[in-house]
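Chain by chain, the residues:
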Amino acid sequence: MSTDRAGAKRRANAFSHVAKASWGKGVGTLWRITRLNLRHPWQVTACIVSTFIAATLQLFIPRLLGRAVDEAQGILGAGSAAAESALWSTAMLLLGLSIARGIFTLTQNYYSESVGHNAAYELRLATYEKLQQLSFSFHDRMHSGDLITLGILDIEGVRMFFATGLVRMVLLAVLIGVGAYLLLSTDLVLGLLSLSFVPFVGWRSSVVQLKLRATWLELQDRLTVMSRVMDENLGGIRVVRAFAAQEHELAKFDKASLSALELAHERVDLRVTSTSAMNFSFFLAMGLVLWFGGLKVTSGEITVGTLAAFLTFMTILQMPVRQLGLMVNSFARASTCGIRLFNLLDLELAVKDKPGAPEIKVSDGTLRFDHVSFRYPGTTRDVLKDVSFSAKRGETIAFVGPPGSGKSTLVHLIPRYYDVSSGAITIDGQNVAEVALDSLRRQVAVVQQDSFLFTTTIENNIAYGNPWAKEGRIERAAESAQLHNYVAGLPAGYGTIVGERGVSLSGGQRQRLTIARSLVLKPAVMVFDDSTAAIDAATEQRIRMAMRRYAEGRVTIIISHRLSSLMHADQILFIEDGRIVEGGSHLELLARGGRYRALYDLQVRPDTDAPAMAGE
Amino acid sequence: MATAEDIELEEEDRSRRPSKAVVGSHREEEEVFGKAYDPRIVRRIWSFVDPYRSKIAISVAAVLAFTLTQLAIPLIIRFAIDNGMAKGSDGSVLMWCMAAFGVVILVNYGASYLQESVVGKVAEHVLFDMRRAMMARLQKVSLSFMDKTEVGRLMSRLQGDVNSMQEFLETSVMSVGDIVLLFGIVVTLLFLDVRLGLLTLATMPTLLVIRFFWLPPAKRSFMAAHETNSIANGALAEGINGVRTVQSLNRQRVNFDLYAEKSHANLRSHLRAAKFAQVTVPIVDTLTGISMATVVVVGGQMVLNHTLGLGVMVAFLFYIQRFFDPIRSLTMQYSVMQRAMASGQRISEVLDVPIAITDRPDAVTLGPDMDGSVEFRHVTFGYRPNQPVLKDVSFKVNPGETVALVGPTGSGKTSSMALIHRFYDVWQGEVLVGGHDVRDATQDSLGHSIAMVLQEPFLFTGTVIENIRYARTGASFEDVVQAATAVGAHEFIMQLPEGYDTKLEQRGGNLSLGQRQLLSFARALVADAKILVLDEATASIDSYTELQIQKALAVLLKGRTGLVIAHRLATIRNADRILVLQNGVLIESGNHEQLMQQGGLYSKLYNMNYASFDDIPEDAIPQAGVGTAT
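Predicted model, so just to flag it, every value in this text is computed and none were measured.

Caption draft 1: Highlighting the overall build of chain B. Helices and strands together make up the secondary structure of chain B, namely 22 helices and twelve strands. In summary, chain B has a C-alpha radius of gyration of 36 Å against a globular reference of 25 Å for 630 residues, an excess of more than 25%. In terms of overall dimensions, chain B has C-alpha extents of about 120 × 70 × 55 Å along its principal axes. Split into buried and exposed, the 630 residues of chain B put 57% on the buried side. Restricting the contact set of chain B to residue pairs at least 6 apart, pairs at least 24 apart contribute 77%. Carbon together with sulfur atoms contributes 56% to the accessible area of chain B, which is approximately 26400 Å² in total. Taking the average location of the 58 positive side-chain charges in chain B and that of its 65 negative ones, the two points are 6 Å from each other.

In structure tokens form, the structure reads like this:
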């Protein structure tokens, strides 16, 4: 429990170093995302080429329309028959161009989605694997909610980069670049006027999109606060009713909800002000083109067709230019998301295999702690100090001591959830730090006090650590853990789903399931970390009887507050402040009259829980 | 039958994939699409929009004005070309056109601002109001509804469903604009030239037909992508939340393979959805091309023959650019509507949950002079018809007395406790608090007369002090410290980083169970109610904390009427009186010595040495040899 608290403190600013982004780092990250996209070179090529072609084709449509307008006036051809056939060929060209543009837009869009999704798929797998491998010290530090956000939203941000960032950039470059060339080479003044809205709209939409993004993040925070208020209110409805606190709760909710509403309104203003301004600037430019173009037509400088071409050019450019902001936003989002994501993926594993580490070989099954000291990474206090003991196969060792004395920490070192700071832990003479982690963990099973149950069947939960286990083995494990009768009585038996959407288990049942889960494994060392706290003494005794069979072939370690759970152990070690202060059998320790004796007296004082102990 | 040793020794074939292993769980989505139009639900939604109807009217007017300006611009261009740009014209017509253009774009500017800003804000307001109404309702609905309903489901109504209503409102107003635009374009084209108009418009029904066939399978593919996405995300979340268990049970490899499969399914369904989304692009482009070609050939010839103005041809070309937008967004709007109906249905369900328990108009307020007695008179009660969990239970707890309720799981202890607070109404008989039937007292004053401590100490996100004064927000800092000191929580609170101002993580995750328990005691103490109802925690806590909790309990019960669902023998033996329940029937009553002498269920259970009466296995109870004592 003390580790929980220490973890909470460390967690508080866990992301601060991760979230800081320099300009250089941002660019580096975008390049790294691009390289990730380039792992699908053919799709990327198909996409970029299609984008070029589609954009160029689109730019020729206004010219053709302009030509058609002029042809219709009969000013290009000599006779009406010639004009007619000119119209026909222009029309066919237009149709062909449109179809081709449609097809290339399709491939552009499809492949840009495909490249993004493929990159996201690869990142998802990498993130999942990394999160599975990262050691306990990392997960102590991180909030699980933040990690889930990272695995969902940050990957999404990176995924969108190709389509909404890179491809759009190419598209805009072609449309504005080639478009400007075509316009300016046709008529400098009109060209400048037609393009006059581009800088304003591009700048405006970029600024607004960045602001919208910042306020969006803020809005998400406020919504999170609000949904936490709702979630706690509904989850704790009995407490709310018990204290007649409905009004208080609604006031809390109103405050949270109102703050979200206010920001949402601000965002509406921000968005709408800019959209209408962008629209206006576009139409203003259009008006100017119409006016000056009209004067030029009147004076015979240009044809109506040319004017029409300019005007349609503008309508084609309008949408993409407004999307410039989205592109800028995509760059900003991808770089912050990418930095967080790559920081995670680049983390060194605190606990990992040494190169060429051999599999552990269990022969006698002797576990030995040799002057082990430990402190949590990033802290200065030793949680364990110079701990030494050893246990042979078939032996049971028990740890007892006040809360926070280091009992749980001690057993977490055996399967290398953390690495020792000094000293060594060996199994049959092999240092646990020197052998393959995977093989080590197969040999050490730790039954936690509050273990995670998965939302799946009881059978799958019991077989979680050994999904290959045969049904008979699963049932026997459940029997030994005194869970079988309960499960057999359920309508769906072992196929019953547990959790919010299935049966809800009591604390004792959960712990029995957790014990059963460890019994389908075949470890050399089995640890029960206060794993019977919610099980009554009599049931626990029955479990203990059933467990004798499993205990024969291995070292069993028990941590418990309840002395009746551990007084039968071969060795009882009393831990205080990270040190073993007493050791021996139950009777030896009672005779010694030390701390163990004091605890015993506390628990079996006749006016408290005496009858519970009498059965022992 | 295999022996234990066989099973222990047998080797599993680990080369094959485990057949039943899974990662992640998937909650079936609730019905996403409803009927596109359901008058009952629309009326219900309208009741939320109604307060804003003048604003809605403004924005609809703005939408109309905006749409008209969009229609007007090509017409002005047409007029300018046909009448203002003839060679040698003096430019006055062009000037007038430009003036008209200026007016139109100013109107456009104002209208576009108004329509989006007003409707956007109204939609946010409606969302806010709906959520508020649902929360307020949920504070009043009977607990039997809450018992049956998953918090997760309710949350998705409060968030997801409300959001789709908001989307619906916003797009509804916009689609008014789309419809007007569509009709506007049709009418304008036909007005400009009937023949050319008809020819050009011929492509429009084609698109409608194509969209009609395209929409259902496309929607299915979008839904599939959405679903595989939430499946993969669920598996990821599970992997993160359960990472310690995954690592200690060495499941990483199996899980990775299973996750990879789900992720790949997600990739495939997204690519399929992308195909569906993009396939209409070349169709729309082709149809646009056909329309443009028609205008060029047919319109061009008409211009050549001087039966059509050149400006009209240009205007046609402009309209064609905007032609298909309204059709596209209207077909999309159809899906939004269906989704909104399904959401509206679910929101109405929450808003219509009956409030089973209400104050009588002449309900009395239990004041400080209430004596604090609790009495059950022939109470029968249950959750499901014909399955009573309490049968004809009668007892009285005198002011200041502490009574322990004991009995095996399912004997009706927790239900009795809930009835005192009137979480539910009895079927028969009556429950009296301070001599008043709880149905005659106001719920609020009942809440202030009874302090409750639940088995699972539920804490709220917030500081320690906020949690302790939860029941009485007006309590002073001194009161809080006093209460915390009395229950022995002061010491550990002062050791927290910021003492009483330390923020508790979600549900007090940064405290131990024993500490949370003590905080919930302090909270009950601050409430300072005449009656204390307490459900003792079952989990065993280390002896040091245990001792502290026992002391705190004594402080808490001093000078109050106490009803304790007791699990610890120490608590039971310290009670003034013990009530033994079995299968909803009160079978024994008396103090420890009396009950031991009676030799009934209590003495038998007691002699079986169970630490608590609750976790006694079902099969052990009949051994106590007690039938139903009626």
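There is more to say, and it comes next.
Caption draft 2: Looking closely at the overall build of chain A. Secondary structure summary: chain A contains 24 helices and ten strands in total. Expected size for 616 residues packed as a compact globule is a radius of gyration near 25 Å; at 36 Å, chain A overshoots this value by more than 25%. Across its three principal directions, the C-alpha atoms of chain A cover 120 × 60 × 55 Å. In chain A, which comprises 616 residues, the proportion classed as buried is 57%. Pairs at least 24 residues apart make up 77% of the contacts formed inside chain A by residues separated by at least 6 positions. For chain A, the accessible surface area stands at approximately 23900 Å², while carbon and sulfur atoms represent 58% of it. Computed over 64 positive and 56 negative side-chain charges, the separation of the two mean positions in chain A equals 2 Å.

Caption draft 3: Local environment of the domain arrangement of chain A. All names here are of chain A. With domains assigned, chain A is organised as domain 1 (25-345) and domain 2 (367-610). On a C-alpha basis, the centroid separation for the pair domain 1 and domain 2 is 56 Å. Listed as interface residues are four residues of domain 1 and, on the opposing side, four residues of domain 2. Carbon and sulfur atoms make up 66% of the area that domain 1 and domain 2 hide from each other, which totals about 350 Å². Applying the counting rule to domain 1 against domain 2 returns zero salt bridges. On the surface where domain 1 and domain 2 come into contact, there are one residue pair in polar contact (both at pLDDT 80 or more).

Caption draft 4: Structural detail: the sheet that holds strand 1 (residues 374-384) of chain B. All names here are of chain B. Here four strands make up an open sheet; going across it, the order is 2-1-4-5 and the pairing antiparallel. Both edges of this open sheet fall to strand 2 (387-397) and strand 5 (436-437), since each of them pairs with a single strand only. Across two bridges, the pairing between strand 4 (residues 428-433) and strand 5 is antiparallel. Looking at strand 5, one finds that leucine 432 is bridged to aspartate 437. Set on the sheet, helix 13 (residues 413-420) makes contact with strand 1, strand 2 and strand 4; between it and strand 1 the angle comes to about 115°.

Caption draft 5: Quick peek at the interface of chain B and chain A. If you look at the interface, chain B gives 165 residues, while chain A gives 173 residues. Buried area between chain B and chain A, summed over both chains or domains, comes out near 15500 Å², and the portion from carbon and sulfur atoms is 64%. Counting every contact that joins chain B to chain A gives five salt bridges. Here B:Lys121 makes a salt bridge to A:Asp269, at a shortest N to O gap of 2.9 Å. Counting the contacts that link chain B with chain A gives 25 residue pairs in polar contact (both at pLDDT 80 or more). Top contributing element to the side of chain B that touches chain A by residue count: helix 10 (residues 252-304) of chain B, with 31 residues.

Caption draft 6: Region of interest: the confidence of the model for chain A. Residue and element names in this part refer to chain A. For chain A, per-residue confidence averages 87 on the pLDDT scale, and 93% of positions sit at 70 or higher. When the criterion is pLDDT under 50, residues 1-21 qualifies, and its contacts beyond four places in sequence or with other chains add up to 33 contacts. Considering only residues more than four positions removed or in separate chains, one finds that residues 606-616, a stretch of pLDDT under 50, has 26 contacts.

Caption draft 7: Highlighting the UniProt feature "transmembrane region" (unreviewed entry) in chain A. Residues and elements named next belong to chain A. Taken from the UniProt record, the annotation "transmembrane region" (unreviewed entry) applies to residues 42-65, 85-104, 160-182, 277-294 and 300-317. Secondary structure content for residues 85-104 is 100% helix and 0% strand, and the end C-alpha separation is 28 Å. Taken end to end, residues 300-317 has its terminal C-alpha atoms 27 Å apart, with 78% of it in helix and 0% in strand.

Caption draft 8: Examining the pairing of strand 12 (residues 585-590) of chain B more closely. Residues and elements named next belong to chain B. Strand direction decides the pairing type here: strand 11 (residues 577-582) and strand 12, joined by five bridges, are antiparallel. Bridging from a neighbouring strand, glutamine 582 pairs with valine 585 of strand 12. The turn joining strand 11 and strand 12, which pair antiparallel and follow one another in sequence, is formed by two residues; a positive phi near 50° is taken by asparagine 583.

Caption draft 9: Seen up close, the packing of helix 16 (residues 477-486) of chain B against helix 18 (residues 513-527) of chain B. Residue and element names in this part refer to chain B. Viewed as axis vectors pointing N to C, helix 16 and helix 18 meet at an angle of 130°, and their least axial separation amounts to 9 Å. One element, helix 16, and the other, helix 18, form an angle in the oblique class. You can see that helix 16 and helix 18 cross each other, and the crossing is right-handed. When helix 16 is examined against helix 18, the residues Asp479, Val480, Ala483, Ala484 and Ala486 are found in contact with a partner set consisting of Ala522, Leu525 and Val526.

Caption draft 10: Molecular detail of the side chain of B:Asn266. Note on placement: B:Asn266 falls in helix 10. In this structure B:Asn266 comes out as buried when scored by relative accessible area, which is 1%. Setting aside residues up to four positions removed in sequence, B:Asn266 forms contacts with A:Arg124, B:Ala225, B:Thr228, B:Asn229 and B:Ala232.

Caption draft 11: Structural context of the confidence of the model for chain B. All names here are of chain B. Predicted confidence across chain B gives a mean pLDDT of 85, with 92% of residues reaching 70 or more. Ranking the elements of chain B by mean pLDDT puts helix 1 (residues 4-9) last with 51 and strand 4 first with 94. Contacts from residues 622-630, a stretch scored under 50 in pLDDT, to residues over four places away or in other chains number eleven contacts.

Caption draft 12: Quick peek at the domain arrangement of chain B. Examined at the domain level, chain B breaks down into domain 1 (35-192 + 328-356) and domain 2 (374-624). For domain 1 of chain B versus domain 2 of chain B, the distance between C-alpha centres works out to 53 Å.

Caption draft 13: Representation of the packing of aromatic side chains in the model. Across all of its chains, the model carries 28 aromatic pairs over all chains by this definition. On the basis of an interplanar angle of 80° and a centroid distance of 5.2 Å, the ring pair of A:Phe161 and A:Phe331 is categorised as edge-to-face. Taken together, the positions of A:Phe161 in helix 7 (residues 144-186) and A:Phe331 in helix 13 (residues 324-345) put the pair 170 residues apart, joining distant regions of the chain. The exposure class of A:Phe161 is buried, given its relative accessible area of 1%. On the basis of relative accessibility, which here comes to 22%, the residue A:Phe331 falls in the partly exposed class. Consider the rings of A:Phe243 and B:Tyr470, whose centres lie 6.5 Å apart with planes at 75°: the pair is edge-to-face. Residue A:Phe243 is located in the loop between helix 10 (237-242) and helix 11 (246-298), and its partner B:Tyr470 is located in the loop between helix 15 (464-468) and helix 16; the two belong to separate chains. Assessed through its relative accessible area of 3%, A:Phe243 is described here as buried. Residue B:Tyr470 is classed as buried on the basis of its relative accessible area, which comes to 4%. Taken together, the ring pairs in this structure connect A:Phe136, A:Phe374, A:Tyr376, A:Tyr417 and A:Tyr418 into an aromatic cluster. When the ring centre of A:Tyr550 is taken as origin, the NZ or CZ atom of A:Arg549, which lies over that ring, is 4.3 Å away. Here the guanidinium or amino end of B:Arg244 rests over the ring plane of A:Phe136, the centre of that ring lying 5.4 Å away.

Caption draft 14: Highlighting a nonpolar patch on the surface. Together, A:Leu288, A:Trp291, A:Phe292, A:Leu295 and B:Met95 give the surface a local cluster of nonpolar side chains, amounting to about 420 Å² of exposed area. Broken down by element, the residue count for the nonpolar patch peaks at four residues, all from helix 11 of chain A. Take A:Phe292: it is sitting in helix 11. Its relative accessible area of 37% is what places A:Phe292 among the partly exposed residues.

Reading the values: the criteria
- Residues numbered from 1 in each chain as written.
- Chains lettered and ligands numbered in written order.
- Predicted model: local features only at pLDDT ≥ 70, side-chain atom pairs only at ≥ 80, totals over all residues.
- Heavy atoms only, no water.
- Helix = DSSP H or I, 4+ residues; strand = E, 2+ residues; numbered from the N terminus.
- Rg over C-alpha atoms; globule rule 2.2 N^0.38 Å.
- Buried < 20%, exposed > 50% of the residue type's maximum accessible area, 1.4 Å probe, protein only.
- Contact = heavy atoms within 4.5 Å.
- Areas by Shrake-Rupley, 256 points an atom, 1.4 Å probe, with all protein chains shown as cover.
- Lys, Arg positive; Asp, Glu negative; His and termini not counted.
- Charge placed at Lys NZ, Arg CZ, Asp CG, Glu CD.
- Domains from an automatic or database assignment.
- Buried area = accessible area lost by both parts, 1.4 Å probe.
- Salt bridge = Lys/Arg side-chain N within 4 Å of Asp/Glu carboxyl O.
- Polar contact = N/O pair within 3.5 Å; in protein donor to acceptor, adjacent residues only side chain to side chain.
- Pairing = 2+ DSSP bridges.
- Axes fitted to C-alpha atoms, helices over the stretch in contact; angles between N-to-C directions.
- pLDDT = per-residue confidence, 0-100.
- UniProt positions renumbered as here; feature names shortened; annotations may be inferred.
- Parallel < 35°, antiparallel > 145°, perpendicular 65-115°, else oblique.
- Left-handed = near helix turned anticlockwise from the far one by under 90°.
- Phe/Tyr/Trp six-rings, centres within 6.5 Å; stacked < 30°, edge-to-face > 60°.
- Lys NZ or Arg CZ within 6 Å of the ring centre and 35° of its normal.
- Patch = residues over 30% accessible without salt bridge, like charges linked within 9 Å, V, L, I, M, F, W, Y side chains within 5 Å.

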